[in-house]
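Coordinate inspection notes
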Amino acid sequence: MFLTVKGVFHLEHLNREELKQNGFSEDILPTIKEKRNWGISNYTTIWMGSVHNIPNYIAIGGLFAIGLSVGQVFSAIMVATILIAAILVLNGHAGSKYGLPFAMLLRSSFGNKGAVIPGVLRGVIAAIMWFGFQTFAGSQAFAILIGKIWPGFLTLGGDLNLLGLSLPGLISFLIFWAFNVALIYGGMDLLGKFANILSPLVYIVFGGMAIWAINLAGGIGPILSYTGSGISGNPIIVFLGAVTAIVAAWAAPMVSVSDFTRLSRTPKDQAVGQTVGLVVTYLLFAVASIAIIVGSEIAFGTPIWNVLDVVARFDSGFAIGISVLTLCLTTLSVNVTGNIVPAGYQLASLFPKHLTFKSGATLAALIAIFLMPWKLMENSTSIFTFLSIVGGLLAPITGIMLAQYFVVDKTNLDLKELYSRNGKYNYKNGFNINAIITLVIAGVLCLIGLFVPFFQPLYEMSWIVGIVAAFIIYIFPFGQLFMKLFSPRFKKIS
């Protein structure tokens with residue numbers, strides 16, 4: 001049993017009513033035992049939509065576009081899967097042990113006030129950007145679905161262009177946006193049930209799409225022998241960059257995974273569930289995405305990097321309808337779980353007297369409309385720039401959180417101190433200088449290649465560079481030095 005006696009003691013002895021009077025809303029207090037009812041099956045399915053969604057297929061199409069072979073793409077996917085599962089389980093441990101939301105867990109490593117900095121980076125900036133991007137991707141599939149039911153819909157407005165979108169595109173975007181917001185108001189229990197219902201549909205549809213593509217290509221042989229156009233540059237750097245591109249799509253959920261693991265009955269449930277779910281789902285995704293993208297290229301003679309363009313070529317209206325519906329549902333699932341949930345919690349923690357989780361999530365969804373996310377799907381490689389920047393911003397936060405929780409705190413958190421305004425997690429005037437300096441240094445290492453060509457390899461591997469650099473810098477040697485200077489309660493790491 002991973003939930004230690006010490007953890008239970010702290011949870012049971014928190015005066016929740018007093019904390020509420022001090023400005024802490026129910027949304028950011030530790031989850032009570034009665035609501036911690038997610039088991040292995042919930043965590044096996046919760047991230048399925050995060051794997052089988054349109055942006056992920058676009059990213060895999062981009063890997064083929066830069067010249068990787070089938071074997072290289074498959075290897076990159078599976079290496080990335082291991083990394084994703086490991087970080088989700090490790091960074092989710094504190095949530096499952098103490099019932100802590102991400103917004104409060106940040107305080108242990110960044111300080112009561114300093115937690116606002118990474119919280120805004122993940123819960124506001126990255127989450128809102130990703131929410132807008134996923135909403136637009138899903139709305140494209142939704143537009144195809146409406147077009148099959150009502151063909152005239154796709155010609156509405158003629159050549160009218162509003163903010164870069166046609167009238168049908170804008171209408172489908174707003175309707176799909178409304179579906180996302182509606183799911184927020186259904187609550188976390190509805191989200192868990194939604195993921196369980198979606199699970200079998202994903203396996204049926206994407207398995208069928210893979211079989212269709214294999215038949216279209218003349219069998220599995222031509223797909224396996226596909227070599228690609230060949231990569232340019234150092235093959236190791238290119239491969240690690242491919243792994244980074246896949247992992248970076250998870251940079252945001254990995255940071256705030258405790259918002260979901262706080263519902264776990266035990267840490268073991270979330271650890272087993274997430275690992276099994278991700279490995280099995282990504283195996284299917286690897287086979288399906290490679291078969292669909294390569295098979296369609298072999299059949300049609302031109303690379304098709306957007307899975308929606310593949311679906312549009314199906315002969316059966318029923319096949320198009322069920323495939324597009326599934327893409328809509330998976331994108332809806334990942335958008336809510338990975339983006340709008342953490343945005344809602346973060347905004348609620350920033351303005352606890354004015355916003356709840358639901359009102360904060362709604363506000364984030366409104367802001368996303370004005371970011372014009374459709375600009376990120378203009379070509380097959382534009383998404384990589386977005387992923388590299390997001391990975392470079394968020395990977396250092398994950399590295400710092402892991403270093404603090406596992407190395408400094410040794411998985412033992414004092415919840416009373418964490419919810420105290422002047423406790424040991426207040427550090428120096430509310431800021432852990434070590435964490436902030438580490439975040440800046442690691443962030444610069446990740447993104448400097450965007451501006452200085454000599455450091456471009458670091459930028460291409462931004463997520464890997466960010467999490468490793470932050471973990472090391474936070475602990476040795478600058479970590480000990482800054483903690484000694486700014487936190488009298490810091491204990492030297494043995």
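Everything here concerns the structure above.
Residues numbered from 1 in each chain as written. Predicted model: local features only at pLDDT ≥ 70, side-chain atom pairs only at ≥ 80, totals over all residues. Heavy atoms only, no water.

Attention now goes to the overall build of the protein. A count of helices and strands for the protein gives 24 helices and 2 strands. Considering only intrachain contacts with a sequence separation of at least 6, the fraction spanning at least 24 residues in the protein is 83%. When the accessible surface of the protein is split by element, carbon and sulfur atoms take 68% of a total near 19200 Å². (Helix = DSSP H or I, 4+ residues; strand = E, 2+ residues; numbered from the N terminus. Contact = heavy atoms within 4.5 Å. Areas by Shrake-Rupley, 256 points an atom, 1.4 Å probe, with all protein chains shown as cover.)

Turning our attention to the packing of aromatic side chains. Scanning the model with the defined rule gives 9 aromatic pairs in all. Centroid distance Phe 142 to Phe 179: 5.6 Å. Interplanar angle 85°. Geometry classified as edge-to-face. Within this pair, whereas Phe 142 is found in helix α9 (residues 116-149), its partner Phe 179 is found in helix α10 (residues 167-216), the two being separated by 37 residues in sequence. A relative accessible area of 13% places Phe 142 in the buried class. With relative accessibility at 40%, the residue Phe 179 sits in the partly exposed group. These aromatic residues form a ring-pair network of at least three members: Phe 142, Phe 176 and Phe 179. (Phe/Tyr/Trp six-rings, centres within 6.5 Å; stacked < 30°, edge-to-face > 60°. Buried < 20%, exposed > 50% of the residue type's maximum accessible area, 1.4 Å probe, protein only.)

This part covers the packing of helix α5 (residues 54-65) against helix α6 (residues 70-91). Across the interface, α5 lies against α6 with an axial gap of 10 Å and an inter-helix angle of 140°. The orientation of α5 with respect to α6, classified from their angle, is oblique. α5 and α6 meet at a crossing whose hand is right-handed. When α5 is examined against α6, the residues Ile 60, Leu 63 and Phe 64 are found in contact with a partner set consisting of Val 70, Val 73 and Ile 77. (Axes fitted to C-alpha atoms, helices over the stretch in contact; angles between N-to-C directions. Parallel < 35°, antiparallel > 145°, perpendicular 65-115°, else oblique. Left-handed = near helix turned anticlockwise from the far one by under 90°.)

A separate point is the environment of Trp 177. Within the fold, Trp 177 resides in helix α10. Look at Trp 177 and you get buried, because its relative accessible area is 14%. Taking the C-alpha atoms as reference points, Trp 177 and Phe 131, 46 residues apart in sequence, are found 9.3 Å from one another. Dropping the residues within four chain positions of it, Trp 177 is found in contact with Phe 131, Thr 135, Ala 365, Leu 366 and Ile 369.

The next point concerns the side chain of Ser 264. By secondary structure assignment, the location of Ser 264 is in the loop between α14 (258-261) and α15 (267-300). Looking at Ser 264, its side chain comes within polar contact range of the main-chain oxygen of Thr 266, at 2.5 Å. Apart from residues lying up to four places away in sequence, Ser 264 is in contact with Arg 36, Trp 38, Tyr 43, Ser 96, Asp 269 and Gln 270. (Polar contact = N/O pair within 3.5 Å; in protein donor to acceptor, adjacent residues only side chain to side chain.)

This part takes up the environment of Gly 430. Relative to the assigned elements, Gly 430 resides in the loop between α20 (415-418) and α21 (433-447). Its relative accessible area of 0% is what places Gly 430 among the buried residues. Spatially, the C-alpha atoms of Gly 430 and Lys 113 are 4.7 Å apart, while their sequence positions differ by 317 residues. With near-sequence residues (within four places) excluded, Gly 430 lies in contact with Phe 110, Gly 111, Asn 112, Lys 113 and Gly 114.

Our next topic: a nonpolar patch on the surface. Nonpolar side chains collect at one region of the surface, where Ile 40, Tyr 203, Val 272, Val 276 and Val 280 lie side by side and expose about 350 Å² of accessible area between them. No other element matches α15, which puts 3 residues into the nonpolar patch. (Patch = residues over 30% accessible without salt bridge, like charges linked within 9 Å, V, L, I, M, F, W, Y side chains within 5 Å. Salt bridge = Lys/Arg side-chain N within 4 Å of Asp/Glu carboxyl O.)

Scanning the model with the defined rule gives 2 cavities of 30 Å³ or more in all. What lines the largest cavity is a set of 13 residues, and nearest its centre among them are Trp 130, Gln 134, Ala 249, Pro 253 and Val 334. Going through the elements one at a time, α5, α9, α13 (251-255) and α17 (317-350) are the ones with two or more residues in the lining of the largest cavity. The dominant element in the lining of the largest cavity, judged by the number of residues it contributes, is α17, at 3 residues. (1 Å grid on protein atoms, 1.4 Å probe; cavity = no way out; pocket = protein on both sides within 12 Å on 5 of 7 lines; lining within 4 Å. Points joined across faces, edges and corners; volume = space filled by probe spheres on them.)

This next bit is on the packing of α21 against helix α23 (residues 462-475). Viewed as axis vectors pointing N to C, α21 and α23 meet at an angle of 150°, and their least axial separation amounts to 9 Å. Relative to α23, the element α21 is oriented roughly antiparallel. Judged by the sense of rotation from one axis to the other, the crossing of α21 with α23 is right-handed. Contacts between α21 and α23 involve Asn 434, Ala 435, Thr 438, Ile 441, Ala 442, Leu 445 and Cys 446 from the former and Ser 462, Val 465, Gly 466, Ala 469, Ala 470, Ile 473 and Tyr 474 from the latter.

Before going further, it helps to examine the side chain of Ser 289. Within the secondary structure, Ser 289 sits in helix α15. Judged by its relative accessible area of 0%, Ser 289 is buried. Polar side-chain contacts of Ser 289 include one of 2.7 Å to the backbone oxygen of Phe 285. Engagement of the side chain of Ser 289 in a polar contact is seen with the backbone oxygen of Ala 286, the distance being 3.4 Å.

A few words now on unusual backbone geometry. Its identity is not glycine, yet Lys 410 carries a phi of approximately 55°, on the positive side. Looking at where Lys 410 falls in the secondary structure, it is placed in the loop between α19 (382-408) and α20. The residue Asn 429 is not glycine, and still its phi comes out positive at about 55°.

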